[in-house]
Amino acid sequence: MSDDVPGTTLNELLDGYPEPTGLTAADVREARGTAARQLVVLDDDPTGTQSVGDLPVLTDWTEDDLAWALGTGAPAVYVMTNSRSLDPETAAQRNCEVAIHALNAATRLGVEIDFVSRSDSTLRGHYPLEPDVLTQALGQADVQVDGVIIVPAFGDAGRITVGSVHYAGSEATGYLPVGQTEFAKDASFGYAASDLREWVEEKSEGRFAAADVAAITLDVVRQGASAVAEALLALSDAQPVVVDIVEESDLRALALGILRAERLGKRFVHRVGPPFVRALIGQDVLEPLTATDVAAIREGGVGEHAAHGLVVVGSHVALTTRQLDALRERRTPTELEIDVAQVLGATRDAHLGEVVARAVEALTDGTVVVRTSRTLVTGDDAASSLDIARTVSDAVVEVVQRILATTPPRFVIAKGGITSSDVASRGLSISRAMVRGPMLPGIVSLWEPTEGPARGIPYIVFAGNVGDDQSLADVVDKLTA
């Protein structure tokens, strides 16, 4: 949120709109039946799994990996592309690879799939590039996409869309148009527009004019599936459509409308925030995992007898800094800093060696926090900023690898989207896992690595921009219990 700017209350935003439909997850499951296509979710960082549970997640995307995931019969499978950390050309290539391998795996198994491009609920990421790539891949498979459905809303984290304007905030602080928040100032993916139609025009550099972007507003959503389907049936030629969403039953009304339109022959690619998939597959909002659940995951794992865990922090948003402050007050962890200036300089190897040695020693006594220096270092442009971010991430990965090889921790928390992806795929060498559920209501995902050097170590994917000031300390408490 911007400093000293009062937000609009939820009641003010919703004045004049119909009440929610009250639809349930069971309503969506019934509508899906057994014939619905499986969803392949290309997640541009791992935080998209925080709204779901008991689904397979991949950090590699070979045809065999995708066949394994689809072969579980799960209604959705997640593929961690980490594309938010990549330049546009590499991001496009990676999305294309995943799409081709997924289509081949689906053909091999005799199943049908749809693509979901999961990205940030505060609008940071490669749009429209990623939905474009998926649309093109489907086109090459003779599947013509009628619409690209844009739903960044994430009510659990205070992101809602009303009147096609996307907001960030909470009932306690009020809601600001997202273009007025710190998220819009992102060094790599910044933007000005809060109206999603204008945002589409801005990010597509005018390829889609705001007037040509379809909008399904809250009054339509809350009329139910028929009204939503009618709006979707009007789409053609991969037309973008933005959808108002405030709470879970709104997403379910959208899901039912999508399913109805699909039965009438329409095909869509989705560009969405975390809870969209939960709604579209008819999964209930899951209760947070308990300390007992976590203990069962740790049983037989490589860190089963470890007493303390590792928290790796790469996020630089203000909320993460406040969460670190709260963790310090509650637990006084050992804090070790990966200094970005040294990582970018000649003393890199000696510096990282010292961080590893101190972390290994400190894990015998308590929680260890390894964090990057809190002053954000950026380049002269978006490309150079991403290069710096990748170099710093490589250093974080090396530290985690060396700690794991010496002293497997009780748990690992990764704070920040890009950090979470790199720690999972490279630091802990997780290629296949199951997402087991949230650690807090609707947010913060726990993965169970099913193989490899981190087998059985609870891995917590904690986005930089979710929760309140106490959330990180609350999660550490539950994992240490």
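Here the structure is shown first, and the text comes after it.
Structural notes, computed from the coordinates.

Criteria and thresholds
Residues numbered from 1 in each chain as written. Predicted model: local features only at pLDDT ≥ 70, side-chain atom pairs only at ≥ 80, totals over all residues. Heavy atoms only, no water. Helix = DSSP H or I, 4+ residues; strand = E, 2+ residues; numbered from the N terminus. Buried < 20%, exposed > 50% of the residue type's maximum accessible area, 1.4 Å probe, protein only. Contact = heavy atoms within 4.5 Å. Areas by Shrake-Rupley, 256 points an atom, 1.4 Å probe, with all protein chains shown as cover. Lys, Arg positive; Asp, Glu negative; His and termini not counted. Charge placed at Lys NZ, Arg CZ, Asp CG, Glu CD. Polar contact = N/O pair within 3.5 Å; in protein donor to acceptor, adjacent residues only side chain to side chain. Pairing = 2+ DSSP bridges. Axes fitted to C-alpha atoms, helices over the stretch in contact; angles between N-to-C directions. Salt bridge = Lys/Arg side-chain N within 4 Å of Asp/Glu carboxyl O. Core = buried A, V, L, I, M, F, W, Y, C linked by side-chain atoms within 4.5 Å. Parallel < 35°, antiparallel > 145°, perpendicular 65-115°, else oblique. Left-handed = near helix turned anticlockwise from the far one by under 90°. Nonpolar A, V, L, I, M, F, W, Y, C, P; charged D, E, K, R; others polar. Phe/Tyr/Trp six-rings, centres within 6.5 Å; stacked < 30°, edge-to-face > 60°.

1. Quick word on the overall build of the protein chain
In step 1: Looking only at helices and strands, the protein chain has 17 helices and 18 strands in total.
In step 2: With the C-alpha coordinates of the protein chain rotated into their principal frame, the extents come out at 60 × 55 × 40 Å.
In step 3: In the protein chain, buried positions account for 59% of the 481 residues.
In step 4: Long-range contacts, defined as pairs at least 24 residues apart, comprise 77% of the intrachain contacts of the protein chain with a sequence gap of at least 6.
In step 5: When the accessible surface of the protein chain is summed, it comes to about 17,800 Å², and 47% of that surface belongs to carbon and sulfur atoms.
In step 6: In the protein chain, 39 side chains carry a positive charge and 69 a negative one; their mean positions are 4 Å apart.

2. Focus: unusual backbone geometry
In step 1: Here the amide bond leading from Tyr127 into Pro128 is cis, since omega sits at 5 degrees, within 30 degrees of zero.
In step 2: Positionally, Pro128 belongs in the loop between strand E4 (113-118) and helix H5 (129-140).
In step 3: Located in the positive-phi region is Thr332, a residue other than glycine, with phi close to 40 degrees.
In step 4: By the element assignment, Thr332 lies in the loop between helix H12 (318-331) and strand E13 (334-338).

3. Side note on the environment of Arg328
In step 1: Of note, Arg328 is situated in helix H12.
In step 2: Remark: the alpha-carbon pair of Arg328 and Gly224, spanning 104 residues in sequence, is separated by 47 Å.
In step 3: Excluding residues within four positions of it along the chain, Arg328 makes contact with Pro333, Glu335 and Arg371.
In step 4: A polar contact is formed between the side chain of Arg328 and the side chain of Asp325, at a distance of 2.4 Å.

4. A word on the environment of His351
In step 1: Structurally, His351 can be placed in helix H14 (residues 348-362).
In step 2: On the accessibility criterion, His351 (9% relative accessible area) is buried.

5. Description of the side chain of Ser119
In step 1: Here Ser119 shows up in the loop between E4 and H5.
In step 2: Among the residues examined, Ser119 registers a relative accessible area of 4% and is labelled buried.
In step 3: A polar side-chain atom of Ser119 sits 2.6 Å from a polar atom in the side chain of Asp44.
In step 4: In this structure the side chain of Ser119 is engaged in a polar contact, spanning 3.2 Å, whose partner is the side chain of Arg271.
In step 5: When near neighbours in sequence (up to four residues on either side) are disregarded, Ser119 contacts Asp44, Arg84, Arg124, Gly125, Arg271, Val272, Gly273 and Pro274.

6. A word on the sheet that holds strand E7 (residues 165-170)
In step 1: In spatial order, the strands read E6-E7-E8; together these three strands make up an open sheet with antiparallel pairing. In this open sheet, the two edge strands, each paired with only one partner strand, are strand E6 (159-162) and strand E8 (174-177). The average undirected angle you get between the axes of adjacent strands in this sheet is 35 degrees.
In step 2: Relative to E7, E6 runs antiparallel, the two being bridged by four bridges. Across the sheet, the residue bridging to Arg159 is Ala168, located in E7.

7. What to know about the pattern of salt bridges
In step 1: If you walk through the whole model with that rule in mind, you get 37 salt bridges.
In step 2: Residue Arg222 pairs with Asp250 through a salt bridge whose shortest N-O separation is 2.9 Å. Here Arg222 is found in the loop between helix H7 (218-221) and helix H8 (225-233), whereas its partner Asp250 is found in helix H9 (residues 248-263), with 28 residues between them in sequence.
In step 3: Relative accessible area serves as the criterion here: at 10%, Arg222 is assigned to the buried category.

8. A word on the nonpolar core
In step 1: In this structure, Leu232 and Tyr459 are the most contacted members of the largest nonpolar core, which totals 73 residues.
In step 2: Per element, the largest residue contribution to this core is eight residues, and it comes from H9.
In step 3: Once you skip the residues sitting within four places of it in the chain, Tyr459 turns out to touch Val412, Ala414, Thr419, Ser420, Val423, Ala424, Leu428, Ile430, Ser445, Leu446 and Trp447.
In step 4: Among the nonpolar cores identified, the runner-up in size contains 41 residues, and Val40, Ile113, Val213 and Val269 belong to it.

9. Here's the deal with helix H3 (residues 63-71)
One turn of an α-helix holds 3.6 residues; hence residues three or four places apart share an orientation.
In step 1: Within H3, the full set of buried residues consists of Asp65, Leu66, Ala67, Ala69 and Leu70.
In step 2: Close packing links the buried residues of H3 with strand E1 (38-43), strand E2 (55-58), strand E3 (76-80), helix H4 (88-109), E4 and strand E16 (432-440).
In step 3: Phi turns positive one or two residues past the end of H3, at Gly73, with a value near 80 degrees.

10. Looking at the packing of H8 against H9
The relative placement of two packed helices comes down to the angle between their axes together with the axis-to-axis distance.
In step 1: Interhelical geometry of H8 versus H9 gives an angle of 55 degrees and a closest axis separation of 7 Å. With respect to H9, the element H8 is oriented oblique. You can see that H8 and H9 cross each other, and the crossing is right-handed. Only Ala253, Leu254, Leu256, Gly257, Ile258, Arg260 and Ala261 of H9 make contact with H8, whose side of the interface consists of Ala225, Ser226, Val228, Ala229, Leu232 and Leu233.
In step 2: When grouped by side-chain class, the residues that make up the contact of H8 with H9 number 10 nonpolar, two polar and one charged.

11. Some details on the side chain of Arg410
In step 1: By the secondary structure assignment, Arg410 is in the loop between helix H15 (382-406) and strand E15 (412-415).
In step 2: Here Arg410 occupies a buried position and makes no salt bridge, while the nearest side chain of opposite charge, Glu304, is found at 9.6 Å.
In step 3: Engagement of the side chain of Arg410 in a polar contact is seen with the backbone oxygen of Ala481, the distance being 3.0 Å.

12. What to know about the pairing of strand E18 (residues 459-462)
Residues in a regular strand point their side chains to alternate faces of the sheet.
In step 1: The alternating pattern of E18 places Tyr459 and Val461 on one face and Ile460 and Phe462 on the opposite face, and all of these are buried.
In step 2: Note: E15 against E18, four bridges, orientation parallel. Bridge pairing in E18 links Lys415 to Phe462.

13. Some remarks on the packing of aromatic side chains
In step 1: One pass over the full model with this rule turns up two aromatic pairs.
In step 2: Where Tyr127 meets Trp199, the ring centres are 4.8 Å apart and the plane angle is 25 degrees; that geometry is what we call stacked. Of the two residues, Tyr127 sits in the loop between E4 and H5 while Trp199 sits in helix H6 (residues 196-203), which places them 72 residues apart along the sequence.

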